[in-house]
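Topology and contacts: notes
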Amino acid sequence: MKPNYQHSKIYVALPALNEFSYLQDFVKCIQSQTFKSFELVVCVNQPESWWSESAHLAECENNQQSIKWFSEQEKLNLIILDKSSKGKGWAAKKSGVGWARKTLMDYIAEKANDNDIILSLDADTIFNPNYFQSIIDNFKSDPKQVAVSVPYYHPLTEDEDTNRHILRYEIYMRYYALNLWRIKSPYNFSALGSAIAVPVWAYERVGGISPHKSGEDFYFLLKLRKFGKLGLWNKEKVYPAARYSDRVFFGTGPAMIKGAAGDWESYPIYDDRIFDEVKATYLAFESLFTADVGFPMKEFLSDLFRDEKWFEPLRNNSSSSKHFIKACHDKVDALRILQYLKFQQKQCQISNEEMLKNYLVKYHVSNTNSEILKKLDASWSFDTISITDLNSLRDSLVEIEEKYQKDESSK
């Protein structure tokens, strides 16, 4: 039966650790929503051991401020899941934002209706008054969607270094996604925990979110994408803060910390020809159903899976070429693509700056700010280009990605 979102309610899933300074602005966004049928569920959380560690006492007290402040918000439809107060914190092996998101979403799924929406947000994220309504409208317009990966945009700050670092990271993310769009990869999403909307029925069908210490949003969207249609466009964006943070192993916060130290090795502008090799591999899947053909990723995947015939079980369990191709995409998923890109990038001798310019000239010269392209000469650098120009470069990539997203949503 097709889902019916006519009377759906939104449940906001908000993890909070050391977030007191962001809460007032976040709640202002919540209270300004034009769509009023929503409930906020917040999980204030930390490891229990932090109460006995002097290095973390400030975070413990910050969390207590958050609990007190939330408990005073009488006009807010709110539930607090306290995983912070003494005796209630996480056990040693159950901590981090992954466990917080799982605790929140599992709690919501238990009490909500199948067609209600779980909206994953972060306290440092702001959004416009029509955001909740746009999510409801999105699922109404396309009920086949199992989730929406909401478009994002990092607002700039008053600090030049912070702006340079967040723009460099966002350009990395946009470039990566755009190349996946270009080669028609099914994994052309960007994973942000503050930018996911999922119906309760779909959440339950995929077995919920897994509590990874980092990348729980990536693995969750990966699971949802394999299950069904993942929406990649929404009329309203979310606006996460540019923020240095080491609470997770990878993502925006750690990337900015590394970037501040001049280390962008983990976030390169990949050679676009490597994406072409992924595309050629995709195109080989149809022939692979009936013959052991060659393809660019063949040796890498054989080594990765420790099996030269990793595709044979997929063949044997596929009733048609279409089913086999889907099985191959599920096997050679977003994680495997990233691993291949990192492996092949080691051989690349072209600078990040030259690679980005070459890509724009090759594929998007008509969609890129012409004045910015003129400034990307042989000597341009992420470290010295003006923030104004770097932001214009970011915005050019945003416009290109939005065109892909809108075209896909209209199909």
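An account of the accompanying structure is given in this report. All of these numbers come straight from a predicted model, not from anything done at the bench.

**Side note on the overall build of the protein**
When its secondary structure is counted, the protein shows 16 helices and 9 strands. In terms of overall dimensions, the protein is globule-like: its C-alpha atoms have a radius of gyration of 22 Å, near the 22 Å expected for 411 residues. Expressed along its principal axes, the backbone C-alpha trace of the protein runs to roughly 65 × 55 × 45 Å. Here the protein holds 411 residues, and 55% of them are scored as buried. Pairs at least 24 apart in sequence give 77% of the contacts found in the protein among residues at least 6 apart. Summed over its atoms, the accessible surface of the protein is roughly 19000 Å², and 49% of this surface lies on carbon and sulfur atoms. Side chains of the protein give 52 positive and 55 negative charges; the mean places of these two sets differ by 5 Å.

**Quick notes on the pattern of salt bridges**
Using the criterion set out here, one finds 26 salt bridges in the structure. Salt-bridge contacts for Glu72 lead to Lys68; the nearest nitrogen and oxygen are separated by 2.6 Å. Of the charged contacts, one joins Lys309 and Asp292 as a salt bridge, the two residues approaching to 2.4 Å between their closest N and O atoms. Taken together, the residues span a long stretch of sequence, with Lys309 in the loop between α10 (298–305) and α11 (312–316) and Asp292 in the loop between α9 (272–288) and α10 at a distance of 17 residues. When salt bridges that share partners are traced, they join Glu170, Arg174, Arg394, Asp395 and Glu401 into one network.

**A look at the packing of aromatic side chains**
One pass over the structure, following the stated rule, counts 30 aromatic pairs. Here a set of aromatic residues connected by ring pairs shows up, and it is made of Tyr169, Tyr172, Tyr175, Tyr176, Trp264, Tyr267, Tyr270, Phe275, Tyr359 and Tyr363. Sitting above the plane of the Phe382 ring, Arg168 keeps its charged end 4.6 Å from the centroid. Above the plane of the ring of Tyr153 lies Arg394, whose end atom (NZ or CZ) is 3.8 Å from the centre.

**Some words on the packing of helix α5 (residues 160–182) against helix α16 (residues 387–409)**
For the pair α5 and α16, interaxial distance at closest approach is 9 Å and the crossing angle is 30°. In terms of their interaxial angle, α5 and α16 are classed as roughly parallel. Every pair of crossing elements has a handedness; the one defined by α5 and α16 is left-handed. Contacts between α5 and α16 involve Glu160, Asn163, Arg164, Leu167, Glu170, Ile171, Arg174, Ala177, Leu178, Trp181 and Arg182 from the former and Ile387, Leu390, Asn391, Leu393, Arg394, Leu397, Val398, Ile400, Glu401, Tyr404, Gln405 and Glu408 from the latter.

**Some remarks on the sheet that holds strand β8 (residues 229–231)**
With mixed pairing, the 7 strands of this open sheet are ordered in space as β3-β2-β1-β4-β7-β6-β8. Every other strand in the sheet has two partners, leaving β3 (78–83) and β8 as the edge strands with one partner each. Sheet twist, expressed as the mean angle between neighbouring strand axes with direction ignored, is 20°. The pairing of strand β4 (residues 117–120) with strand β7 (residues 196–199) spans 4 bridges and is antiparallel. Within the sheet, the bridge partner assigned to Ile117 lies in β7 and is Pro199.

**Re the pairing of strand β1 (residues 10–16)**
Of all 7 residues making up β1, 7 are buried, and the element is well covered by its neighbours. Here β1 shows no split at all, with Ile10, Val12, Leu14 and Ala16 on one side and Tyr11, Ala13 and Pro15 on the other all buried. As paired strands, β1 and strand β2 (residues 38–45) are joined by 7 bridges and run parallel to one another. Note on β2: the bridge partner recorded for Ala16 is Val44.

**Let's talk about the packing of α5 against helix α8 (residues 252–260)**
With their axes 9 Å apart at the nearest point, α5 and α8 run at an angle of 120° to one another. On the basis of their axis angle, the class for α5 and α8 is oblique. Viewed along their axes, α5 and α8 form a crossing whose handedness is right-handed. Touching Thr162, His165, Ile166 and Tyr169 of α5 are Thr252, Ala255, Met256, Gly259 and Ala260, all from α8.

**Describing a negative patch on the surface**
Taken together, Glu299, Asp303, Asp307, Glu308 and Glu312 make up a surface patch of like negative charges. Relative to the elements of secondary structure, Asp307 occurs in the loop between α10 and α11.

The rules behind each value
Residues numbered from 1 in each chain as written. Predicted model: local features only at pLDDT ≥ 70, side-chain atom pairs only at ≥ 80, totals over all residues. Heavy atoms only, no water. Helix = DSSP H or I, 4+ residues; strand = E, 2+ residues; numbered from the N terminus. Rg over C-alpha atoms; globule rule 2.2 N^0.38 Å. Buried < 20%, exposed > 50% of the residue type's maximum accessible area, 1.4 Å probe, protein only. Contact = heavy atoms within 4.5 Å. Areas by Shrake-Rupley, 256 points an atom, 1.4 Å probe, with all protein chains shown as cover. Lys, Arg positive; Asp, Glu negative; His and termini not counted. Charge placed at Lys NZ, Arg CZ, Asp CG, Glu CD. Salt bridge = Lys/Arg side-chain N within 4 Å of Asp/Glu carboxyl O. Phe/Tyr/Trp six-rings, centres within 6.5 Å; stacked < 30°, edge-to-face > 60°. Lys NZ or Arg CZ within 6 Å of the ring centre and 35° of its normal. Axes fitted to C-alpha atoms, helices over the stretch in contact; angles between N-to-C directions. Parallel < 35°, antiparallel > 145°, perpendicular 65-115°, else oblique. Left-handed = near helix turned anticlockwise from the far one by under 90°. Pairing = 2+ DSSP bridges. Patch = residues over 30% accessible without salt bridge, like charges linked within 9 Å, V, L, I, M, F, W, Y side chains within 5 Å.

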